[in-house]
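Structure at a glance
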Amino acid sequence: MATLQEKVTQQFKERFGHMPALVVQSPGRLNMIGEHTDYNMGYVLPAAIDKGIWMALSRSDMGVSVFRAIDMDEEIQLPDFEQLSPFDKGWANYVVGVIDQLLKAEKELGPVKCVFGGNIPIGSGLSSSAALENAICFGLNELFSLGMSKMEMVKHSQKAEHEFVGVMCGIMDQFTSMMGQENKVIRLDCRSLEYETFPLDLQDYELVLLNSNVEHSLASSQYNIRRSQCEEGVAIMQKKDAAIQSLRDASMDLLDQCRNEMSEVVYRRCKYIIEENERVLNFCEALEQKNFEGLGQILKAAQLGMKHEYEITCPEIDFLFDFAYQYPGVIGARMMGGGFGGCTLNIVEKDKEEAYLQDISSAYKDQFGFETTPIKVKISDGVKKVYENDAQGGSA
Ligand code: GLA
């Protein structure tokens, strides 16, 4: 079977009659722990995965720019880059949103030809959107020798999502897809952007993702609501302590002192974030000590916080979580990503994995009438060029 790299290259050739100048591989991400902490300036512990977007690009001599999404069999054309505005096609906004950011930053771009495809199920919480944003950003950086640093590209990709897609996301996904390192999880401090890597050595355990195959349309609106509830909590605590700039700066003590001044919902949202930040630090410690039971307990507390305090789970995710924790040989599980569906991550004894996947799959199907899909991932490097052909108008 053709690899995705071969597939996008082939389709590029069929569409434009020549080889691309370059092909970029841009990964999705998983997150061990630290959910919704990124836009609260806290800690996250993600890693890039071996699934993502492959994108073939060249400069265009046709005057117009052409972007083709092979998975959707859809194409958009831009006659020029004047006055870009959001599209009705979801994927186009991730691509054109980045171009819009680069133009605002006064980068000199010309017309391009672009064909891409991926292998991250949409809505699975593995950040196909950040992978796509980074693919085009990295690709254009190469193609037009823009000289941007990786962090600069991360920020353009994130801002594209704010302005063209309308999700006020944090920096975790774009950062991880850009900066990922093979076999390492990255503890990122989302305030200072300093990071430290930890080898993910699970010994007798295996990491397995289970896609709930649920994608709730309220995910993006609820995401922005959670973000403003956190800001509401910060504004209230700031009145007591002017040094509080984000929930990262707040303690449970201070939150409790302010409890009567905020709604019960805002209190619970803030509590979850303050505790989730702690959990990231504790998780790293447990990882270093190879305290696998400890990891499992931290994941459990995180899931319960997402369910009862941050309220971002859904019945299908709750089912996968409950099933996991009553299954012998599973030491930890929780939902990953923005919420309301997507994947759970599961830490399972290697020799129980097969039986676990069979049992959870049939129980899930009985309960909901559709499948949960296991996704095997390897922890991989961030965005990179996987093919270059200078004869086709690569970087000068
Ligand atoms: C989405 C966002 C990230 C992060 C996660 C939740 O993936 O894009 O910035 O907030 O949700 O941790």
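The present account deals with the structure reproduced in this document.

Definitions and limits used
- Residues numbered from 1 in each chain as written.
- Predicted model: local features only at pLDDT ≥ 70, side-chain atom pairs only at ≥ 80, totals over all residues.
- Heavy atoms only, no water.
- Helix = DSSP H or I, 4+ residues; strand = E, 2+ residues; numbered from the N terminus.
- Rg over C-alpha atoms; globule rule 2.2 N^0.38 Å.
- Buried < 20%, exposed > 50% of the residue type's maximum accessible area, 1.4 Å probe, protein only.
- Contact = heavy atoms within 4.5 Å.
- Areas by Shrake-Rupley, 256 points an atom, 1.4 Å probe, with all protein chains shown as cover.
- Lys, Arg positive; Asp, Glu negative; His and termini not counted.
- Charge placed at Lys NZ, Arg CZ, Asp CG, Glu CD.
- Near = heavy atom within 4 Å.
- Polar contact = N/O pair within 3.5 Å; in protein donor to acceptor, adjacent residues only side chain to side chain.
- Nonpolar A, V, L, I, M, F, W, Y, C, P; charged D, E, K, R; others polar.
- Core = buried A, V, L, I, M, F, W, Y, C linked by side-chain atoms within 4.5 Å.
- Pairing = 2+ DSSP bridges.
- Axes fitted to C-alpha atoms, helices over the stretch in contact; angles between N-to-C directions.

This next bit is on the overall build of the protein. For the protein, the helix and strand inventory stands at 11 helices and 13 strands. Computed over C-alpha atoms, the radius of gyration of the protein comes to 21 Å, within 12% of the 21 Å expected from 2.2 N^0.38 for 396 residues, which places it in the range of a compact globule. The 396 residues of the protein split such that 58% are buried. Looking at the protein alone, contacts between residues at least 24 apart form 72% of all its contacts between residues at least 6 apart. With the model as given, the accessible surface of the protein reaches about 16,100 Å², and the carbon-plus-sulfur share is 46%. Charge centroids of the protein, computed over 38 positive and 59 negative side chains, lie 1 Å from each other.

Around the ligand, the structure places Arg29, Glu35, His36, Asp38, Tyr39, Cys169, Gly170, Met172, Asp173, Tyr223, Gly337 and Gly338. In the environment of the ligand, an oxygen atom lies 2.5 Å from a nitrogen or oxygen atom belonging to the side chain of Asp38. At 2.9 Å from an oxygen atom of the ligand is found a main-chain nitrogen or oxygen belonging to Gly170. Considering the ligand on its own, with 310 Å² of exposed area, one finds that the protein chains cover 92% of that surface. Residue composition of the shell around the ligand, grouped by class: 4 nonpolar, 4 polar and 4 charged.

Next up on the list: the nonpolar core. Phe67, Trp91, Phe116 and Ile136 are the most contacted members of the largest nonpolar core, which has 49 residues in total. If we skip the residues at most four places from it in the chain, Trp91 touches Phe67, Ala69, Met72, Glu74, Glu75, Ile76, Phe116 and Leu132.

This brings us to the sheet that holds strand β12 (residues 373-375). Strands in a sheet are paired, the pairing made by backbone hydrogen bonds, and the direction either parallel or antiparallel. An order of β10-β11-β9-β12 is seen for the 4 strands of this open sheet, with the pairing classed as antiparallel. With one partner strand each, in any of the chains shown, β10 (330-335) and β12 form the two edges of the open sheet. The mean inter-strand angle of the sheet, taken between neighbouring strand axes irrespective of direction, is 25 degrees. As judged from the 8 bridges shared by strand β9 (residues 205-215) and strand β11 (residues 341-349), these two strands associate in the antiparallel manner. Bridging across to β11, Asn211 finds its partner in Cys343.

Note that all results are geometric; they support no functional claim without further evidence.
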